[in-house]
Amino acid sequence: PKYQMQIVIKKDEEVFWNLFRIEYKKALERKWGSDYKAIETHPSFMNLIKDGDSEKYNYNKNPILKDACFFQASNKQKPEVIDVKGNPINRSDEIYGGCIVRVAFTLYGVNISDPGSTTIRRRLICASLDHVVKIRDGEPLGRKKDSAKDVFKDFIKVSEEDDKIRFDDDDFHF
């Protein structure tokens, strides 16, 4: 599995953006050395940061993006997730779109080539999701996920004899 999180930061969070710019520049320099300025302005370079006010992301559909920028952090390994008291959070439903968290992430540069080719097609800075601390609950974004029982209620038949779920053979069509 891949663990990922969309991180939304308001544009007026000056302390964050000042620190972010420093770490971003360090990631560019680590990967591309003194050539990083030419790489960053090259058409093959993809910017990690997305502007929530741009027409592409239409903050009218997602008001949390108004006056904010966002980026995605991900990791193949599960990040350590804790609450504000340092207790581990193991339930996946405790962290959701809209809850307030603090995130530790690492920026790093990547060259992307087509399979079997040495020609670099894209260059980008990525964010590795390292650790998460949940600060508090927030307003959930998007719609709430329905339970499987609710989704399949028309197909589920419960036997009064043993309360086991039964399916008719004709319920399975591929």
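Here the structure is a predicted model, which means the values were calculated and not measured. (Residues numbered from 1 in each chain as written. Predicted model: local features only at pLDDT ≥ 70, side-chain atom pairs only at ≥ 80, totals over all residues. Heavy atoms only, no water.)

Student: Mind laying out the overall build of the protein, listing which residues take part and the relevant values?
Tutor: Check the secondary structure of the protein and you find three helices and nine strands. For the protein, the succession of helices and strands along the chain, N to C, is β-α-α-β-β-β-β-β-β-α-β-β. Across the 174 residues in the protein, those meeting the buried criterion constitute 24%. Contacts in the protein between residues at least 24 apart in sequence constitute 63% of all its contacts with a sequence separation of at least 6. Counting every atom, the protein has about 13300 Å² of accessible surface; 51% of that belongs to carbon and sulfur. (Helix = DSSP H or I, 4+ residues; strand = E, 2+ residues; numbered from the N terminus. Buried < 20%, exposed > 50% of the residue type's maximum accessible area, 1.4 Å probe, protein only. Contact = heavy atoms within 4.5 Å. Areas by Shrake-Rupley, 256 points an atom, 1.4 Å probe, with all protein chains shown as cover.)

Student: Report on the packing of aromatic side chains, specifying residues and quantitative values.
Tutor: For any two aromatic rings, the description comes down to two numbers: the centre-to-centre distance and the angle of the planes. The final tally for this structure, using the stated rule, is ten aromatic pairs. With a centroid separation of 6.5 Å and 50° between ring planes, the pair formed by F16 and F105 is classed as tilted. Of this pair, F16 sits in helix α1 (residues 14-32) while F105 sits in strand β6 (residues 100-113), placing them 89 residues apart in sequence. Here F105 falls in the partly exposed class, since its relative accessible area comes to 23%. Ring plane angle 45° and centroid distance 5.5 Å describe the contact between F20 and F71, whose orientation is recorded as tilted. Placement of F20 in helix α1 and of F71 in strand β4 (residues 68-75) is noted, with a sequence separation of 51 residues between them. (Phe/Tyr/Trp six-rings, centres within 6.5 Å; stacked < 30°, edge-to-face > 60°.)

Student: Lay out the pairing of β4 in plain terms, naming residues and giving numbers.
Tutor: The element β4 is extensively covered by neighbouring structure, given that seven of its eight residues are classed as buried. Pairing of strand β1 (residues 3-10) with β4, which is carried by eight bridges, proceeds in the antiparallel orientation. Bridging from a neighbouring strand, Q4 pairs with S74 of β4. Where strand β3 (residues 50-51) and β4 come together, two bridges link them in antiparallel fashion. Among the inter-strand pairings, K50 is bridged to a residue of β4, identified as F70. (Pairing = 2+ DSSP bridges.)

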